[in-house]
Amino acid sequence: MDVSQRYRASWEGYWRETSDVPGEAIWDADPSLSAVPHSELLLPYADTTLPVADLGCGNGTQTRYLATRFARAVGVDLSHAAIEHARRADTAGTAEFEQLDLVDDTAVRALHDRIGDTNVYMRAVIHQSEPQDRAAVAAAVATLLGARGRAFVAELTSASKAVLQQAAAAPGGPPEKLRRVFAHGLKPAGATDEEVPELLRAAGLTILASGDTALPQTEHLPDGTRIDLPARWFVLARA
């Protein structure tokens, strides 16, 4: 099974029209606001001698940080254009990047065969996946973990919709970075709060720890307030 052509085209179009400037993508937060605190939640459970796979890596900002905490870091993304961004940005060659459709079980298993059991970092992927694909995305996490890996997954909650609606209703319409997300047909905060943990458990994952957080964005409201989207995080292992 693969993602729909519409969904694939939306992401390719988005990343093709995004520059290499750090923070140009609305979710491209500095690692100090994302991968750094998230790693601190994951590391007590994870074997850092195993690799880490950054699922939905985009331009690789978080992947490059994760490479400093784990033996090997592999960033994967549905979009070829995103992977091109990531490779250009990684001038020191600290991580590896490759295109991967998380819904393609054969391709996911092939990645596991190549790198073995791996830790997983996944930030805000399930919530924007198409409804019919969300179970496959959760299953991809389980496949990559194998017996020894541990995962950190963060997903937007329903409360984030109100924040996005407030931003979209600002005078002059949505701020530019958010406007581009909408223009490409991307739909943030699509999954319900109950759906995410249910999908994770159905994929054969055990929740070792969880909590509430916010995912900082690189865009601001007209009054200068940074857009922070409410989210929930999970540390996971195979059941």
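To start, this report covers the structure provided alongside it. Because the structure is predicted, anything quoted here is derived from the model rather than measured. (Residues numbered from 1 in each chain as written. Predicted model: local features only at pLDDT ≥ 70, side-chain atom pairs only at ≥ 80, totals over all residues. Heavy atoms only, no water.)

### Examining the sheet that holds strand β1 (residues 52–55)
Adjacent strands of a sheet pair through backbone hydrogen bonds, lying either parallel or antiparallel. Strand order in this open sheet of 7 strands is β3-β2-β1-β4-β5-β7-β6, and the pairing throughout is mixed. Pairing within the sheet leaves two strands with one partner each, and these edge strands are β3 (96–99) and β6 (205–220). Pairwise comparison of adjacent strand axes, ignoring direction, gives a mean angle of 20° for this sheet. Both β1 and strand β2 (residues 73–77) contribute to a ladder of 4 bridges, which runs parallel. Following the sheet pairing, V52 is matched in β2 by A73. Across the sheet, helix α6 (residues 134–145) lies against β1, β4 (119–123), β5 (151–156), β6 and β7 (226–238), angled at about 155° from β4, the strand it touches most. (Pairing = 2+ DSSP bridges. Helix = DSSP H or I, 4+ residues; strand = E, 2+ residues; numbered from the N terminus. Axes fitted to C-alpha atoms, helices over the stretch in contact; angles between N-to-C directions. Contact = heavy atoms within 4.5 Å.)

### As for unusual backbone geometry
Notably, A124 is not glycine yet its phi reads approximately 60°, a positive angle. Note that A124 resides in the loop between β4 and α6. Assessed through its relative accessible area of 19%, A124 is described here as buried. (Buried < 20%, exposed > 50% of the residue type's maximum accessible area, 1.4 Å probe, protein only.)

### Regarding the packing of helix α1 (residues 5–16) against helix α4 (residues 80–89)
Two numbers describe a pair of packed helices, the interaxial angle and the distance between the axes. Here α1 crosses α4 at 35°, and the two axes come no closer than 7 Å. Note on element contacts: α4 touches α1 through H80, A81, A82 and H85, opposite E12, W15 and R16.

### Remarks on the environment of D54
Relative to the assigned elements, D54 resides in strand β1. The exposure class assigned to D54 is buried, which follows from its relative accessible area of 3%. Spatially, the C-alpha atom of D54 lies 4.8 Å from that of Y121, the residues being 67 residues apart in sequence. Filtering out sequence-adjacent residues up to four positions away, D54 remains in contact with Q62, T63, L66, V74, G75, V76 and Y121. Among the polar contacts listed, one links the side chain of D54 to the side chain of T63, at a separation of 2.6 Å. (Polar contact = N/O pair within 3.5 Å; in protein donor to acceptor, adjacent residues only side chain to side chain.)

### Quick notes on the nonpolar core
Nonpolar side chains in soluble globular proteins tend to end up buried together. Ranked by size, the top nonpolar core spans 76 residues in total, and within it L55, V120, M122, V141 and L200 carry the most contacts. No other element matches the 8 residues that α6 contributes to this core. Contact partners of V141, with chain neighbours within four places excluded, come to L55, V120, M122, A151 and L205. (Core = buried A, V, L, I, M, F, W, Y, C linked by side-chain atoms within 4.5 Å.)

### What to know about the pairing of β2
For β2, the tally of buried residues reaches 5 of 5 residues, placing the bulk of the element in the interior. On β2, burial covers both faces: A73, G75 and D77 on one face and V74 and V76 on the other are all buried. Taken together, β1, helix α3 (residues 61–66) and β2 form a β-α-β motif whose crossover is right-handed. Strand direction decides the pairing type here: β2 and β3, joined by 4 bridges, are parallel. The residue bridging V76 from the neighbouring strand is E98, located in β3. Read as a crossover between parallel neighbours, the route from β2 over α4 to β3 is right-handed. (Right-handed = clockwise from strand over helix to strand, strands pointing away.)

### Some details on the side chain of D117
Of note, D117 is situated in the loop between α5 (105–115) and β4. Taking relative accessible area as the criterion, D117 reaches 14% and is therefore assigned buried. Side chain to side chain, D117 and H112 meet in a polar contact 2.7 Å long. Of note is the side chain of D117, whose polar atom sits 3.1 Å from the backbone nitrogen of A147. Those residues in contact with D117 that lie beyond four places of it in its chain are L50, P51, H112, L144, L145, G146, A147, R148 and G149.

### So, helix α8 (residues 176–183)
Listed in full, the buried residues belonging to α8 are K177, L178, R180 and V181. The buried residues of α8 occupy an angular sector of 155° when projected down its axis, which confines them to one face. Where α8 is buried, its residues touch α1, α7 (159–168) and β6. Downstream of α8 by a residue or two, G185 has a phi angle that is positive, lying close to 75°. (Arc of directions from axis to C-beta.)

### With respect to the pattern of salt bridges
Two side chains of opposite charge can pair, provided their charged atoms sit close to one another. Tallied over the full model, the rule gives 13 salt bridges. A salt bridge links E98 to R114; the shortest N-O distance between them is 2.5 Å. Placement of E98 in strand β3 and of R114 in helix α5 is noted, with a sequence separation of 16 residues between them. Overall, the relative accessible area of 21% leaves E98 in the partly exposed class. (Salt bridge = Lys/Arg side-chain N within 4 Å of Asp/Glu carboxyl O.)

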